[in-house]
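Here's the letter readout for the chains.
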Amino acid sequence: MQPSSTTSSDSNPEFEALLNFLNRNRGFDFTGYKRSSLTRRIQKRMQMIHVESFGDYIDYLEVHPEEFIRLFDTILINVTNFFRDSSAWDHIAQEVIPAILATKRHPSDPIRVWSAGCSTGEEAYTIAILLAEALGADQYRERVKIYASDVDEEALNQARQATYSYRESSSVPPDLLEKYFERTDHHVTFRKDLRRSVIFGRHDLVQDAPISRIDLLICRNVLMYFNAETQSRILTRFHFALHDTGFLFLGKAEMLFTNSNLFVPVDLKRRVFSRVPRITLRDRLMLMNHSNSMDGNSDRLTKHVRFREAAFDASPLAQVVVDANGFVVLSSERARNLLGLSSKDINRPLSDLEIAYKIPDLRSGIEQVNAERRPLTLREIAWITSSGDVRTLEVLVSPVMDTINGGVLLGSSITFTDISRYKQLQDELEHSNQELETAYEELQSTNEELETINEELQSTNEELQTINDELRRRTEELNQVNGFLESILASMRGGVVVVDNDLRVQVWNRRAEDLWGLRSNEVQDKNFLNLDIGLPVAQLRSVIRTSANGESELESITLDAVNRRGKNIKCKVTCSPLYGANNDIRGVILLMEEI
Ligand SMILES: C[S@@+](CC[C@H](N)C(=O)[O-])C[C@H]1O[C@@H](n2cnc3c(N)ncnc32)[C@H](O)[C@@H]1O
């Protein structure tokens, strides 16, 4: 059954109501999960129980509370494996673990790992094995704590057992399987002495506070189930959870586009990221102090100003200098061309010139610079030239000080930089960046979507495998029972024939073949009364009918017959009804004996 179109979840109030219902009743908040996958999973469950709309499903859940467990089981895909994406784990063993150990000052410092969304535990035991390999069992036992969490209690219970079938453990390299697992019949169990360092607990990444001071945070194939906003919230918590030198290890379809300022890739291909340390105010002040002391700028500034006075007019910059009273003292040629000034404007009050009107913030800017003795930039000023072109200017107003005479304010210098081209490029770049980002995000989303579908398929595959195993087991049992029945039939001294209610032959044992010279496959499904054998079968019609009607339990008749070898014999035929499981008559059993 396909669910009707009313089940589409896009801003569907019925779907929202269902999510609220799940949250209210079971504390599961699925609103941050990607809608496409979430809808598919819920619909899958609804199809199984023939419920068509989300509204009906709420009613169903109210009446059948056990359905919650099946629904959560369907939504929370538990697909996982030991050493899943093995090349990424090689990188963890060869690069990341040594880097973590190198950050430890003392050889006994603890090493803390968090496997978030650990499912049935394979991931947590994989990192346990790698740490035990790197540290040796004794150090591992003393220093390592692996917190493994999931929202799915059922998966956690399995994880706590630390016991896996041979199929489930087949991706553990044989030497490590031998070293870290104990074998029992059909199963392997992770070594108890190392198991103690792995602590399992229920933790909802959407709602619960993070674990802290983590060196390695493994969260693989979980984020991809969430929408961008929820991913971002979780990543902020992960940033908090990690040590400054900590690493984040994601699944192969997960890229970290959201909150990329919190983490930087260490190895993008293997999805290993390091935490960007938080810069404190103190760090910033120290940086500023450091750059000031390196500057020595007052001397350089003086030389610079003197040099400018000499080369002013030839300067490629559009620059105007006004004195402390606001009169224009100098203007470079470039400024005159750009701003439509002339040499007659020298010694005029700036406030009388066109630029003072066209750039309304200019006069107040100069006043501010004079008062504070600090440069000021007026950004992105639109300027229309005499030829009608629209240009974008950046206007820098700087105080001009007489440093030789005790820092008296002489006036201010105003530099006009035409940033039109830069602005245009910047706009274009921003636009392309946005497009690129959108394309990346779409790509990423598609990638994650594909991965979730992949996991869903794997999960269905696992279910099918279980059904297959069960069918195989049943078939084996049936074969055994069949073999047993066949050997009983073969061992009987008389010919045994079983016919159904239409008198079609269903069973024809070996002795019947011997008596009448026809093989079982030659008579199968043929009407017994039409068979051409040495037995006058027509004479059996009424006896068989009596049994088939249940009028008699045992009915015998002796007939003259000719056997397969052409010998005349006397044959006793005993008929009895064949009863089914419900005591209904399914046919007749005929026992034929030569007497
Ligand atoms: C596909 S498995 C990934 C298992 C393992 N990390 C791996 O990559 O092999 C996703 C796991 O995320 C868990 N999960 C889903 N939502 C969660 C949440 N809100 N908080 C914690 N775990 C969650 C599911 O229960 C499931 O076990």
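Bear in mind that the values here come from a model prediction, so they are computed numbers and not experimental data.

Rules and cut-offs
Residues numbered from 1 in each chain as written. Predicted model: local features only at pLDDT ≥ 70, side-chain atom pairs only at ≥ 80, totals over all residues. Heavy atoms only, no water. Helix = DSSP H or I, 4+ residues; strand = E, 2+ residues; numbered from the N terminus. Expected span 1.5 Å × (residues − 1). Buried < 20%, exposed > 50% of the residue type's maximum accessible area, 1.4 Å probe, protein only. Contact = heavy atoms within 4.5 Å. Phe/Tyr/Trp six-rings, centres within 6.5 Å; stacked < 30°, edge-to-face > 60°. Lys NZ or Arg CZ within 6 Å of the ring centre and 35° of its normal. Axes fitted to C-alpha atoms, helices over the stretch in contact; angles between N-to-C directions. Parallel < 35°, antiparallel > 145°, perpendicular 65-115°, else oblique. Nonpolar A, V, L, I, M, F, W, Y, C, P; charged D, E, K, R; others polar. 1 Å grid on protein atoms, 1.4 Å probe; cavity = no way out; pocket = protein on both sides within 12 Å on 5 of 7 lines; lining within 4 Å. Points joined across faces, edges and corners; volume = space filled by probe spheres on them. Domains from an automatic or database assignment. Buried area = accessible area lost by both parts, 1.4 Å probe. Salt bridge = Lys/Arg side-chain N within 4 Å of Asp/Glu carboxyl O. Polar contact = N/O pair within 3.5 Å; in protein donor to acceptor, adjacent residues only side chain to side chain. Patch = residues over 30% accessible without salt bridge, like charges linked within 9 Å, V, L, I, M, F, W, Y side chains within 5 Å. Areas by Shrake-Rupley, 256 points an atom, 1.4 Å probe, with all protein chains shown as cover. Lys, Arg positive; Asp, Glu negative; His and termini not counted. Charge placed at Lys NZ, Arg CZ, Asp CG, Glu CD. Pairing = 2+ DSSP bridges. Near = heavy atom within 4 Å. Sits in = over half its atoms within 2 Å of the grid points.

(A) Helix α11 (residues 228–241), seen in detail. In this model, α11 (14 residues) spans 20 Å end to end at C-alpha, consistent with the 20 Å of a helix rising 1.5 Å per residue. Buried within α11 we find T230, Q231, S232, I234, L235, F238, H239 and A241. Looking at the buried positions of α11, the neighbouring elements they touch are β1 (111–116), β7 (214–219), β8 (242–250), β9 (263–267), β10 (272–275) and α17 (420–491).

(B) Molecular detail of the packing of aromatic side chains. One pass over the full model with this rule turns up 16 aromatic pairs. Aromatic pair F28 and F72: ring centres 4.3 Å apart, planes at 45 degrees, arrangement tilted. Here F72 lies in helix α4 (residues 67–75) and F28 lies in the loop between α1 (13–26) and α2 (35–48), a separation of 44 residues in the sequence. The exposure class assigned to F28 is buried, which follows from its relative accessible area of 10%. What makes F72 buried here is its relative accessible area of 9%. Summarising the aromatic geometry, the rings of Y125 and Y164 are spaced 6.2 Å apart at their centres and angled 75 degrees between planes, so their arrangement reads as edge-to-face. Separated by 39 residues along the polypeptide, Y125 in helix α6 (residues 122–135) and Y164 in strand β3 (residues 163–165) bring together distant segments of the chain. For the residue pair Y125 and Y164, the accessibility class agrees, reading buried in each case. Here the aromatic cluster, defined as three or more aromatic residues joined through ring pairs, consists of F21, F28, F30, Y33, F68, F72 and F226. The aromatic ring of F68 is capped on one face by R26, whose charged end is 4.1 Å from the ring centroid. We note R202 situated over the ring of F28; from NZ or CZ to the ring centre the distance is 5.4 Å.

(C) Spotlight on the packing of α1 against α2. It is the contact of α1 with α2, at a shortest axis distance of 13 Å, that shows an interaxial angle of 80 degrees. Classified by the angle their axes make, α1 and α2 are roughly perpendicular. Here α1 contributes F15, E16, L18 and L19 to the contact with α2, which in turn contributes R35, L38, T39 and I42. Looking at the contact of α1 with α2, its residues break down into five nonpolar, one polar and two charged.

(D) The layout of surface pockets, seen in detail. In this structure, the largest pocket encloses a volume near 1,100 Å³. In terms of lining residues, the largest pocket is bounded by 36 residues, among which N78, V79, E168, S459 and E462 are the most central. Going through the elements one at a time, α2, α4, α8 (153–161), β3 and α17 are the ones with two or more residues in the lining of the largest pocket. Tallying contributions element by element places α17 first for the lining of the largest pocket, with seven residues. Viewed by domain, the lining of the largest pocket spans two of them, domain 1 (5–75) and domain 2 (86–278), each represented by three or more residues.

(E) Inspection of the domain arrangement of the protein at higher detail. With domains assigned, the protein is organised as domain 1 (5–75), domain 2 (86–278), domain 3 (304–423) and domain 4 (492–594). Placing the centre of domain 1 and that of domain 2 at their C-alpha centroids yields a distance of 31 Å. Facing 10 residues of domain 1, the contacting portion of domain 2 comprises 11 residues. Summed over both sides, the interface of domain 1 with domain 2 buries roughly 910 Å², with 44% coming from carbon and sulfur. Contact with domain 2 buries surface across domain 1, with G32, Y33 and K34 losing the most and accounting together for 49% of the total. Taken together, the connections running from domain 1 to domain 2 amount to zero salt bridges. If you look at where domain 1 meets domain 2, you find five residue pairs in polar contact (both at pLDDT 80 or more). Looking at the side of domain 1 that touches domain 2 residue by residue, the classes come out as three nonpolar, four polar and three charged.

(F) Inspection of a negative patch on the surface at higher detail. A cluster of acidic residues, E14, E52, D56, D59 and E62, forms a negative patch on the protein surface. Per element, the largest residue contribution to the negative patch is three residues, and it comes from helix α3 (residues 54–63). Following the sequence through the fold, E52 ends up in the loop between α2 and α3. The exposure class assigned to E52 is partly exposed, which follows from its relative accessible area of 37%.

(G) Representation of the sheet that holds strand β17 (residues 505–508) in the model. Spatial strand order, β17-β16-β20-β19-β18: five strands in an open sheet with antiparallel pairing. The open sheet has two free edges, formed respectively by β17 and β18 (555–562), since each of these has just one partner strand. Neighbour-to-neighbour, the strand axes of this sheet turn through a mean angle of 25 degrees, independent of strand direction.

(H) Local environment of the site of the ligand. Within the structure, the ligand sits among 22 residues, and Y33, T80, D150, N221 and E455 are positioned closest to it. Here T80 contributes a side-chain N or O atom positioned 2.6 Å from an oxygen atom of the ligand. In the model, an oxygen atom of the ligand is placed 2.8 Å from a nitrogen or oxygen of the R84 side chain. Given that more than half its atoms are within 2 Å of the pocket grid, the ligand belongs to the largest cavity. Split by residue class, the shell around the ligand holds nine nonpolar, six polar and seven charged.

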